[in-house]
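Survey of secondary and tertiary structure
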Amino acid sequence: MAAQNTSSLGAPCWVEAFQQNPRAATEFYGKLFGWTFDEPTAMPTGFEGEYFTARLDGKRVAGIGQAPPSTPVGWMTFVAVDDVAQSLSLAEQAGGTRVVGPVAASFGGEIGILTDATGVPFGLRQSRDVSGAEVVGEPNSWAMSSLHTTDLPRAEAFYGKAFGWELSSAPGASFSKWILRDEVVGVVTATDGVAVPPHWSINFAVVDADAFAQRAVSLGGSVLMGPMDTPGFRNAVIADPQGGVIAVSAVTQRSATA
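All figures in this text were calculated on a predicted structure; none of them were measured in a lab. (Residues numbered from 1 in each chain as written. Predicted model: local features only at pLDDT ≥ 70, side-chain atom pairs only at ≥ 80, totals over all residues. Heavy atoms only, no water.)

1. As for a nonpolar patch on the surface
On the surface, Leu 224, Met 225, Met 228 and Val 245 cluster together into a nonpolar patch covering about 330 Å² of accessible area. Here the element with the most residues in the nonpolar patch is strand S15 (residues 222–230); it accounts for three residues. Checked against the element boundaries, Met 225 lands in strand S15. (Patch = residues over 30% accessible without salt bridge, like charges linked within 9 Å, V, L, I, M, F, W, Y side chains within 5 Å. Areas by Shrake-Rupley, 256 points an atom, 1.4 Å probe, with all protein chains shown as cover. Salt bridge = Lys/Arg side-chain N within 4 Å of Asp/Glu carboxyl O. Helix = DSSP H or I, 4+ residues; strand = E, 2+ residues; numbered from the N terminus.)

2. Observations regarding the UniProt feature "domain: VOC" (unreviewed entry) in the chain
Within this structure's numbering, the places UniProt gives as "domain: VOC" (unreviewed entry) are residues 11–127 and 138–251. Counted over residues 11–127, helix gives 19% and strand 46%. Its end C-alpha atoms are 14 Å apart. (UniProt positions renumbered as here; feature names shortened; annotations may be inferred.)

3. A short note on the environment of Val 207
Summarising the element assignment, Val 207 is placed in the loop between strand S14 (199–205) and helix H4 (209–218). According to the relative accessible area criterion, Val 207 is exposed, its value standing at 67%. Along the backbone, Val 207 and Arg 234 are 27 residues apart, and their C-alpha atoms lie at a distance of 9.7 Å. Among residues more than four places away in sequence, those in contact with Val 207 are Pro 139 and Ala 250. (Buried < 20%, exposed > 50% of the residue type's maximum accessible area, 1.4 Å probe, protein only. Contact = heavy atoms within 4.5 Å.)

4. Examining the packing of helix H1 (residues 22–33) against H4
Viewed as axis vectors pointing N to C, H1 and H4 meet at an angle of 150°, and their least axial separation amounts to 10 Å. Taken together, H1 and H4 sit at an angle that is classed as roughly antiparallel. The handedness of the crossing between H1 and H4 comes out as right-handed. Between H1, through Phe 28, Lys 31, Leu 32 and Phe 33, and H4, the contact on the second element is made entirely by Phe 212, Arg 215 and Ala 216. (Axes fitted to C-alpha atoms, helices over the stretch in contact; angles between N-to-C directions. Parallel < 35°, antiparallel > 145°, perpendicular 65-115°, else oblique. Left-handed = near helix turned anticlockwise from the far one by under 90°.)

5. Concerning a negative patch on the surface
Together, Glu 156, Glu 166, Asp 182 and Glu 183 line one region of the surface with negative charge. Of note, Glu 156 is situated in helix H3 (residues 152–163). Here Glu 156 falls in the partly exposed class, since its relative accessible area comes to 37%. (Lys, Arg positive; Asp, Glu negative; His and termini not counted. Charge placed at Lys NZ, Arg CZ, Asp CG, Glu CD.)

6. Quick notes on unusual backbone geometry
Following Gly 101, the chain continues into Pro 102 via a peptide bond in cis, with omega recorded as 0°. As for its position among the elements, Pro 102 is in strand S7 (residues 97–104). Here the amide bond leading from Gly 226 into Pro 227 is cis, since omega sits at 0°, within 30 degrees of zero. With respect to the element layout, Pro 227 can be found in strand S15. Positive phi, close to 75°, is recorded for Asn 140, a residue that is not glycine. Note that Asn 140 resides in the loop between strand S9 (121–126) and strand S10 (141–149). Not every positive phi belongs to a glycine, and Arg 181 is a case in point at roughly 50°. Its place among the elements puts Arg 181 in the loop between strand S12 (176–180) and strand S13 (183–190). Judged by relative accessible area, which is 55%, Arg 181 ranks as exposed.

Have a look at this one:
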């Protein structure tokens, strides 16, 4: 898996989970990944509840916040923009649908939430002072976001118009890469929407996928898929006790020493 650029405008820069019980989620993910959490802050304007910033060795890696009533729990990918209102308008012109925003967030910037032209939700994040994740691709941190879509041509047109992304595919590969200014910013996989629903999947890097899956179960989570091997990686899909789903990948020895 190629390293993901998370530092450029127009690139995914942050991931966070919306949970019905954020404090319980911090307990689970803290023990699972070894994360610590800042003192809670308020959710963005218009939302109630607490928000927690997760850190790995003192550096920001993810967030956990209160899910609105009647809203399914889950993880969301946020794209870095310099103007949330303008980016929401551009996304609407490209066929997306505004859900929330722009609204002020406790980190000092604004966020927006929308669905792409195929109905998959994701977020926008803007701040002049606080960027997104400070650690990416290291064990126990976010490694990559992957769009699973039932309409690849429509998704390609939407993300191209909204953020300037381009698709790059390799013969025989099960996925394509999203490219922005010659750098990988994510991947995309076609799905029929039955076995795998359309969504932005959040993948975290781990050292040992099997041990990680066992630890998740011991903490009250469940294993939805795997552990299983793909070229260069051993992978698993995990659900937390409240139903939030993440994927994890460990580099295999052959890939690590190649």
